[in-house]
Amino acid sequence: MGICGGETRSNLLEPIKAMDASKTTSDINGGCNAIDDLLTTDCDGFPGKSTPKMSTVGNSTNILWHKCSVEKSDRQELLKQKGCVIWITGLSGSGKSTLACALSRGLHARGKLTYILDGDNVRHGLNSDLSFKAEDRAENIRRIGEVAKLFADAGVICIASLISPYGKDRDACRALLPEGDFVEVFMDVPLQVCEARDSKGLYKLARAGKIKGFTGVDDPYEPPLNSEIVLQQREERCDSPTHLAEVVISYLEKKGYLEA
Ligand SMILES: Nc1ncnc2c1ncn2[C@@H]1O[C@H](COP(=O)(O)OS(=O)(=O)O)[C@@H](OP(=O)(O)O)[C@H]1O
Ligand SMILES: Nc1ncnc2c1ncn2[C@@H]1O[C@H](COP(=O)(O)OP(=O)(O)O)[C@@H](O)[C@H]1O
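For the protein, the name recorded in an unreviewed UniProt entry is Adenylyl-sulfate kinase, with Forsythia ovata as its organism. Here is the UniProt Pathway (unreviewed entry) comment for the protein, exactly as written: "Sulfur metabolism; hydrogen sulfide biosynthesis; sulfite from sulfate: step 2/3." According to UniProt, the comment filed for the protein under the heading Sequence similarities (unreviewed entry) is "Belongs to the APS kinase family."

Here we look at the site of ligand 1
Around ligand 1 sit 19 residues in total, of which Ser92, Arg123, Arg137, Asn140 and Lys200 are the nearest. A distance of 2.8 Å separates an oxygen atom of ligand 1 from a polar atom in the side chain of arginine 137. One nitrogen or oxygen atom from the main chain of serine 164 is found 2.8 Å from an oxygen atom belonging to ligand 1. With the chains in place, 91% of the 630 Å² that ligand 1 exposes on its own is no longer accessible. Mapped onto the shell around ligand 1, the elements with two or more residues apiece are α6 (119–122) and α7 (134–153). Among the residues making up the shell around ligand 1, the classes are represented as 6 nonpolar, 7 polar and 6 charged.

Quick look at the pairing of strand β2 (residues 60–63)
Walk down a regular strand and you will see the side chains alternate between the two sheet faces. Note that strand β1 (residues 55–57) and β2 share 2 bridges and pair antiparallel. Each residue of the ladder has a partner; that of valine 57, found in β2, is serine 60. The turn linking β1 back onto β2 is made up of 2 residues, and glycine 58 within it adopts a positive phi angle of 60°.

Scoring rules and cut-offs
- Think of each chain on its own: its residues are numbered from 1, step by step along the sequence as written.
- Throughout, the order in which chains and ligands are written sets their labels, letters from A for the former and numbers from 1 for the latter.
- Totals for whole chains, interfaces and linings use every residue, but because this is a predicted model, local features are given only for residues with pLDDT of at least 70 and side-chain atom pairs only at 80 or more, for both listing and counting.
- Working from all heavy atoms in the structure, the side-chain values ignore hydrogens and water.
- UniProt positions are given in the numbering used here, feature names are shortened, and annotations may be inferred rather than shown by experiment.
- Think of it this way: one heavy atom of a residue within 4 Å of a molecule or strand is enough to make that residue near it.
- N or O atoms closer than or at 3.5 Å make up a polar contact, with two conditions inside protein: a donor-capable atom paired with an acceptor-capable one, and, for residues adjacent in sequence, both atoms drawn from side chains.
- For every accessible area listed, the method is Shrake-Rupley and the probe measures 1.4 Å; residues are considered covered only by the protein chains on display.
- The helix count covers DSSP runs of H or I at least four residues long, the strand count covers runs of E at least two residues long, and both are numbered beginning at the N terminus.
- Residues are grouped as follows: Ala, Val, Leu, Ile, Met, Phe, Trp, Tyr, Cys and Pro are nonpolar; Asp, Glu, Lys and Arg are charged; every other residue, Gly included, is polar.
- Strands are treated as partners if at least two bridges between them are detected by DSSP.

Structural data, given as structure tokens:
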């Protein structure tokens, strides 16, 4: 990749300079002081003269990480919040989607940018190729974890709500993020309560043998042991979704995620 036809070096620098008057060109370009430096290093906007070190990740060979001078901290400053992932896990019917929505509403009302990745919804598109067998659930969780990481890097408070039944897969998603940025919320609702709610009629179908491998019925759910937040609901009617959302919002406030 080279400098595009008609664009001069100084043309290309203008948007960088205009971006943040408080930063020096050196700050913005990660320590590159002169245009000649820019041309011999991997700073963004210019190709390096030296051969860059290529990587291999999984089956992707000869790939190169491109760094940009607009960083996560810049986006967080713009949004006046810190990007993170709220990972809501629990049985079907435990109230994950309801909490995700109440949380999004509560944060939106405080001027905070959120985005929900709901298992059910993501399975309508990106993950529509995945079934509910163990390896597909693992892949569902992995992909949602990776997408959530991108949202957090964008500075967004990303709310992932999916059953995510396996501890190993949840922990792998946690490991994708910096310490503290993955907040696991366990909807600790007994199977009997979820089954009594049965808002989609899926438990009934599972008990009748019409859905095979339904979580909690004939497929496992591994309760998390070290969640940042545990929301216990022992009866069908207990804390309102708004109240539960407030518990999560208070946690985020205390940990400094609602300011840049
Ligand atoms: N076999 C089986 N087991 C569990 N759930 C099932 C199944 N088949 C379909 N559904 C519906 O899919 C929703 C769960 O999708 P997830 O992506 O959250 O599941 S997982 O994390 O991959 O286990 C789940 O939604 P929620 O009720 O919101 O959890 C169900 O609507
Ligand atoms: N805090 C709550 N108290 C009582 N009922 C709830 C609560 N949260 C959700 N519900 C009800 O439980 C059912 C399942 O909620 P849902 O959010 O769809 O769960 P999940 O996404 O875990 O399957 C719905 O009928 C919903 O109205």
